[in-house]
Amino acid sequence: MAIRPDEITTVLKRELETYQQQLEMVNVGTVLTVADGIARVYGLEDCMMGELVKFPHGIYGMAFNLEEDNVGCMLLGPDAKIAEGDQVETTGRVVQVPVGEHLAGRVINPLGQPLDGKGPIPATEFRPAEERGPGVVERQNVKVALQTGIKAIDAMFPIGRGQRELIIGDRQTGKTALTIDTIINQRDSDVQCIYVAIGQKLSTVARVADALESHGALEYTTIVAATASDPAALQYIAPYAGCAIGEYIRDAGGHALLVYDDLSKHAQAYRQVSLLVRRPPGREAYPGDIFNLHSRLLERAAKLSDERGGGSLTALPIIETQAGDYSAYIPTNVISITDGQIYLETDLFHQGVRPAINVGLSVSRVGGDAQIKAIRKVGGSLRMDMGAYREYAAFAQFASELDPATQKILARGDRMVELLKQPQYAPLNVFDQVLILLAGTSGKLDDVPVDKIRELEGPLIKFLRSRYPTEIQEMEQTEKLSEQVQEALLKGIDEFKQQQGLVPADTDQ
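Criteria and thresholds
Residues numbered from 1 in each chain as written. Predicted model: local features only at pLDDT ≥ 70, side-chain atom pairs only at ≥ 80, totals over all residues. Heavy atoms only, no water. Pairing = 2+ DSSP bridges. Helix = DSSP H or I, 4+ residues; strand = E, 2+ residues; numbered from the N terminus. Contact = heavy atoms within 4.5 Å. Axes fitted to C-alpha atoms, helices over the stretch in contact; angles between N-to-C directions. Buried < 20%, exposed > 50% of the residue type's maximum accessible area, 1.4 Å probe, protein only. Parallel < 35°, antiparallel > 145°, perpendicular 65-115°, else oblique. Left-handed = near helix turned anticlockwise from the far one by under 90°. pLDDT = per-residue confidence, 0-100. Expected span 1.5 Å × (residues − 1). Polar contact = N/O pair within 3.5 Å; in protein donor to acceptor, adjacent residues only side chain to side chain. 1 Å grid on protein atoms, 1.4 Å probe; cavity = no way out; pocket = protein on both sides within 12 Å on 5 of 7 lines; lining within 4 Å. Points joined across faces, edges and corners; volume = space filled by probe spheres on them. Nonpolar A, V, L, I, M, F, W, Y, C, P; charged D, E, K, R; others polar.

## Here's the deal with the sheet that holds strand E14 (residues 312-320)
Backbone hydrogen bonds are what pair the strands of a sheet, in a parallel or an antiparallel way. Taken in spatial order, the 8 strands line up as E8-E12-E11-E13-E14-E10-E15-E16 in an open sheet, and their pairing is mixed. The sheet terminates laterally at strand E8 (107-108) and strand E16 (363-364), the two strands that pair on one side only. Where helix H3 (residues 175-184) meets the sheet, it contacts strand E10 (166-169), strand E11 (191-198), strand E12 (221-226), strand E13 (255-261), E14 and strand E15 (340-344), and its direction lies at approximately 160 degrees from that of E14. Sheet strands in contact with helix H6 (residues 263-276) are E11, E13 and E14, and its direction is about 75 degrees off that of E14.

## Thoughts on the environment of Leu218
Mapped onto the fold, Leu218 is located in the loop between helix H4 (202-214) and E12. Overall, the relative accessible area of 7% leaves Leu218 in the buried class. In sequence terms Leu218 and Val273 are 55 residues apart; their C-alpha atoms lie 33 Å from each other. Sequence-distant contacts of Leu218, that is, excluding residues within four places in its chain, are made with Ala104, Gly105, Lys118, Ala209, Leu212, Glu213 and Ile223.

## A few points about the environment of Gln322
In this structure, Gln322 sits in the loop between E14 and helix H8 (329-337). Overall, the relative accessible area of 56% leaves Gln322 in the exposed class.

## Observations concerning the packing of helix H5 (residues 232-251) against H6
One can describe the packing of H5 onto H6 by two numbers: an axis separation of 8 Å at closest approach and a directional angle of 130 degrees. Taken as axis vectors, H5 and H6 run oblique relative to one another. H6 is crossed by H5, and the crossing has left-handed handedness. Judged by residue contacts, Ala232, Ala233, Gln235, Tyr236, Pro239 and Tyr240 of H5 engage Lys265, His266, Ala269, Tyr270, Gln272 and Val273 from H6.

## Quick look at the confidence of the model for the protein chain
Taken as a whole, the protein chain shows an average pLDDT of 92; of its residues, 96% reach a score of 70 or greater. Considering each helix and strand of the protein chain separately, the mean pLDDT is smallest for helix H1 (residues 5-18), with a value of 79, and largest for E11, with 98. Across residues 505-509 the pLDDT falls below 50, and counting only partners more than four positions away or on other chains, this stretch makes 7 contacts in the model.

## With respect to helix H13 (residues 430-441)
For H13, with 12 residues, the first-to-last C-alpha span of 16 Å sits near the 16 Å given by 1.5 Å per residue. Listed in full, the buried residues belonging to H13 are Val430, Phe431, Asp432, Gln433, Val434, Leu435, Ile436, Leu437, Leu438, Ala439 and Gly440. For H13, the capping residue at the N-terminal end is Asn429, with a side-chain oxygen 2.7 Å from the backbone nitrogen of Phe431. Just downstream of H13, Gly443 is the residue with a positive phi angle, here 90 degrees.

## Quick notes on H3
Counting buried positions over the 10 residues of H3 gives 8, a clear majority of the element. Among the residues making up H3, those that are buried are Lys175, Leu178, Thr179, Ile180, Asp181, Thr182, Ile183 and Ile184.

## Looking at the sheet that holds strand E3 (residues 51-54)
If you walk around this closed barrel you meet the 6 strands as E1-E2-E5-E4-E3-E6, and the pairing is antiparallel. In this sheet, neighbouring strand axes are inclined to one another by 45 degrees on average, regardless of whether the strands run parallel or antiparallel. Here 4 bridges tie strand E2 (residues 38-42) to strand E5 (residues 71-75), and the two strands are oriented antiparallel to one another. Looking across to E5, one finds that Ile38 is bridged to Met74.

## A short note on empty space enclosed by the protein
According to the stated counting rule, one finds 4 cavities of 30 Å³ or more in the structure shown. Here the largest cavity is characterised by a volume of approximately 110 Å³. Looking at the largest cavity, the residues that line it are Ala152, Met156, Val353, Arg354, Pro355, Ile357, Val359, Met386, Arg390, Val417, Leu420 and Lys421. Of all the secondary structure elements, the ones that give two or more residues to the lining of the largest cavity are helix H2 (151-156), helix H11 (382-396) and helix H12 (404-420). Split by residue class, the lining of the largest cavity holds 9 nonpolar, no polar and 3 charged.

Pasting the structure below:
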């Protein structure tokens, strides 16, 4: 086949006419040193704080320390394959996380990569892990209840949508169990949940995922896991990544619940990377900006104004104390940032009082604003009464004779302690809580033996719902406990006691 010069000339002319030169600038640096998950890179003059940088073998890092002659990068993967002299590129973007409805029911790492073996996540939107919280004008008061399903919390320490309520206590006191029950209780609500596991064992994360799945809660929950085997850098960005996922729901006008489990390990991961890049240590070797670390995270939880869509992001951070020392550095920092705390006590836990809430040290600074009126009416004085009961019980250990008024307080307190006990994975509807608390606070159970209290709970709810459906329906519709409804329910409690053959504990049965 003969080659015709005019054809070649025509093709070349056409290609030259359509040719466009595209100049792509890439900021490239060189690894100076790498050790303990930190790489120092020379030559990245235009690098941003928090920017993603790309190392060989598909490993990414995050610019963490911008110094005069080098950039300290936290590696978001193993450092074994990275060596001195390797080439590093900037990406022009900060650490981002995928957001959207595709994340519901998934277990991911802080970079949005799946860990559950269910295939890739088809995300189309991304948000930066670090963002500023909404300003004062963009917020509104916390006034809508977030029902936890836990009697002791919903009655005494109510949590509202947009609140930040700290769960604090020693290890193995039921902190994670409280948050898991709260997530399970959102089954019939419009709240989406994000559980952030920081520094947990893989087996612990798997156990949480199994518990949520078996109770039908995983389908509206995203688990962000940076486990103990992951680099400290991933543990550091994990809560910010989880917060970005929750903010997407909040800004779209939805409602999100965010659990940080736990911020003690988050602070330790931050201390580790800070010391490795030689930032000056302060109290307990934490860097000076450790307060800012958690405040800029927790300030992102908010109830937005109606102009911004009225969405909410509720945060339940967890802090682990050592030997009950809640006045240590990190616990006091987070207590001062949050809108209240629920303190779980080891001694109460071992006595079988679960949830092991210390009434004296726990508080919700939102208060009755985040309660429906029905439960506020029956549980209004409950916290004061339980606090008084604890004081009288401590005094009664040393007193031989007690006056009748004190005996009455102790008798009712014993029964209320039993009434407020609750097994795990059994959150209770808020109106069922009203029925139970009404029986306890009205004194109707004062003559019932203490060991019978817990076994009466289920039958009492069932009896009242079958005998007084109209009154309970009115209470559920209005969220109020009117005098007429209250009188009818109290009458129903008396009928239930007669049906059960309950007589005072000190008489023959």
